[in-house]
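Read off the chains here:
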Amino acid sequence: MINSDLQALITTLEMAALTTIILLIIGTPLAWYLAKMTSRFKVIIEAVVALPLVLPPTVVGFYLLIAFSPEYLPGQMWQQATGQQLAFSFSAIVIGSVLYSLPFVVQPLQKAFEQLGDSLLEAGALLGAGPIDRFFTIVLPLTKASFITAASLGFAHTVGEFGIILMIGGNIPGETRVLSIALFDHVEAFDYARAHLLSISLLISSMVLLAAIYWLNLPKRNKPKDLTVNTKREEQSANE
């Protein structure tokens, strides 16, 4: 059972890492588009993106399971392209995780892009910088903390998924059996010792990750030394 838990850990980390990378690739342009969008349809797109926050995982998993089956177009296209069934595969749980964790990546990035404004980007354009150059030299350095937050939240949320993984991936060791499902198996088998071990490990890692995110987003404060210098300068100006 220890080997099976280690295998579940490896599967979980692989799924979470791949999901996070895909989320950043998809979520960044989507967040940028929503941040700059002025159409009345913006609220509809935002609602669709945020839907996984309020829908039960089993609801999302149920409809994805239907879509992934060979009887429906997405499942048929996947099977024709790869020769393998999409449902109950590692690819299925990655796709499901991307859809279910999407708001955890898009929303922090969208907020950061909205707060960034357009003045710096316009100045960069006047200096001859292209869109890609402006993104990597202006947008990315100024929103680095938001990117780290988005990636961390997406990764952590993917690690903790259970319902949607069980619905579309089942419990296949080495392919779809992740830590949350391994924990459930131990509880069902009344193996509380290993259930405690997995639970404590997930709890501690989640706490450390969240603490790091909150620390990263703490507002920057001026050092006392800087405040002293500023106070002296103000006094000198007043005396003059």
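The rules behind these values
- Residues numbered from 1 in each chain as written.
- Predicted model: local features only at pLDDT ≥ 70, side-chain atom pairs only at ≥ 80, totals over all residues.
- Heavy atoms only, no water.
- Axes fitted to C-alpha atoms, helices over the stretch in contact; angles between N-to-C directions.
- Helix = DSSP H or I, 4+ residues; strand = E, 2+ residues; numbered from the N terminus.
- Parallel < 35°, antiparallel > 145°, perpendicular 65-115°, else oblique.
- Left-handed = near helix turned anticlockwise from the far one by under 90°.
- Contact = heavy atoms within 4.5 Å.
- Nonpolar A, V, L, I, M, F, W, Y, C, P; charged D, E, K, R; others polar.
- Buried < 20%, exposed > 50% of the residue type's maximum accessible area, 1.4 Å probe, protein only.
- Arc of directions from axis to C-beta.
- UniProt positions renumbered as here; feature names shortened; annotations may be inferred.
- Patch = residues over 30% accessible without salt bridge, like charges linked within 9 Å, V, L, I, M, F, W, Y side chains within 5 Å.
- Areas by Shrake-Rupley, 256 points an atom, 1.4 Å probe, with all protein chains shown as cover.
- Salt bridge = Lys/Arg side-chain N within 4 Å of Asp/Glu carboxyl O.
- Phe/Tyr/Trp six-rings, centres within 6.5 Å; stacked < 30°, edge-to-face > 60°.
- Lys NZ or Arg CZ within 6 Å of the ring centre and 35° of its normal.

A. Structural detail: the packing of helix α8 (residues 144-159) against helix α11 (residues 192-216). Where α8 meets α11, the closest approach of the two axes is 10 Å, and the angle between their N-to-C directions is 165°. One element, α8, and the other, α11, form an angle in the roughly antiparallel class. Here the hand of the crossing between α8 and α11 comes out left-handed. On the side of α8, the interface is formed by A145, I148, T149, S152, L153, A156 and V159, while α11 contributes L202, L209, L210, I213 and L216. Residue composition of the contact of α8 with α11, grouped by class: ten nonpolar, two polar and no charged.

B. Molecular detail of helix α2 (residues 42-50). Among the residues making up α2, those that are buried are K42, V49 and A50. Looking straight down α2, one finds its buried side chains confined to an arc of 90°; they lie on one side.

C. Local environment of the UniProt feature "transmembrane region" (unreviewed entry) in the protein. The UniProt entry lists residues 15-35, 47-66, 86-106, 147-172 and 192-216 under the feature "transmembrane region" (unreviewed entry), expressed in the numbering used here. With 100% helix and 0% strand, the stretch residues 192-216 has end C-alpha atoms that lie 36 Å from each other.

D. Looking closely at the packing of helix α6 (residues 119-126) against helix α7 (residues 131-142). The interhelical angle for the contact between α6 and α7, taken along N-to-C directions, is 155°, at an axis separation of 10 Å. Taken together, the axis directions place α6 and α7 in an arrangement best described as roughly antiparallel. For α6 against α7, the interelement crossing comes out right-handed. Contacts between α6 and α7 pair L120, L121, G124 and A125 from the former with R134, I138, V139 and L142 from the latter.

E. Spotlight on the environment of I95. Along the chain, I95 falls in helix α5 (residues 90-116). A sequence separation of 121 residues divides I95 from L216, and the C-alpha atoms of the two residues are 29 Å apart. Other than its neighbours up to four places away in sequence, I95 contacts F68, W78 and L86.

F. Region of the structure containing a nonpolar patch on the surface. The grouping of I200, L203, I204, M207 and V208 at the surface amounts to a nonpolar patch, some 500 Å² of accessible area in total. Residue placement: I204 occurs in helix α11.

G. Layout of the pattern of salt bridges. The full count for this structure, using the stated rule, is four salt bridges. Taking the shortest distance from any N to any O, the salt bridge between R177 and D185 comes out at 3.1 Å. By the burial criterion, R177 is buried, and D185 matches it. With a closest N to O distance of 3.3 Å, R194 and D191 form a salt bridge.

H. Expanded view of the UniProt feature "domain: ABC transmembrane type-1" (unreviewed entry) in the protein. Per the UniProt record, the feature "domain: ABC transmembrane type-1" (unreviewed entry) sits at residues 9-215. A distance of 27 Å separates the end C-alpha atoms of residues 9-215, which is 79% helix and 0% strand.

I. Seen up close, the packing of aromatic side chains. Applying the stated criterion across every chain, the model contains seven aromatic pairs. Taken together, a centroid distance of 5.1 Å and an interplanar angle of 70° make the contact between W32 and F113 edge-to-face. Here W32 is found in helix α1 (residues 2-36), whereas its partner F113 is found in helix α5, with 81 residues between them in sequence. Here W32 falls in the partly exposed class, since its relative accessible area comes to 27%. Relative accessible area serves as the criterion here: at 1%, F113 is assigned to the buried category. Centroid distance F135 to F147: 6.4 Å. Interplanar angle 80°. Geometry classified as edge-to-face. Pair noted here: F135 is in helix α7 and F147 is in helix α8, with a separation of twelve residues, a long-range link. Overall, F147 belongs to the buried group, its relative accessible area being 13%. Here the aromatic residues W32, F113, F135, F136 and F147 are joined through ring pairs into a cluster of three or more. Cation over ring: K36 sits above W32, and NZ or CZ is 4.8 Å from the ring centre.

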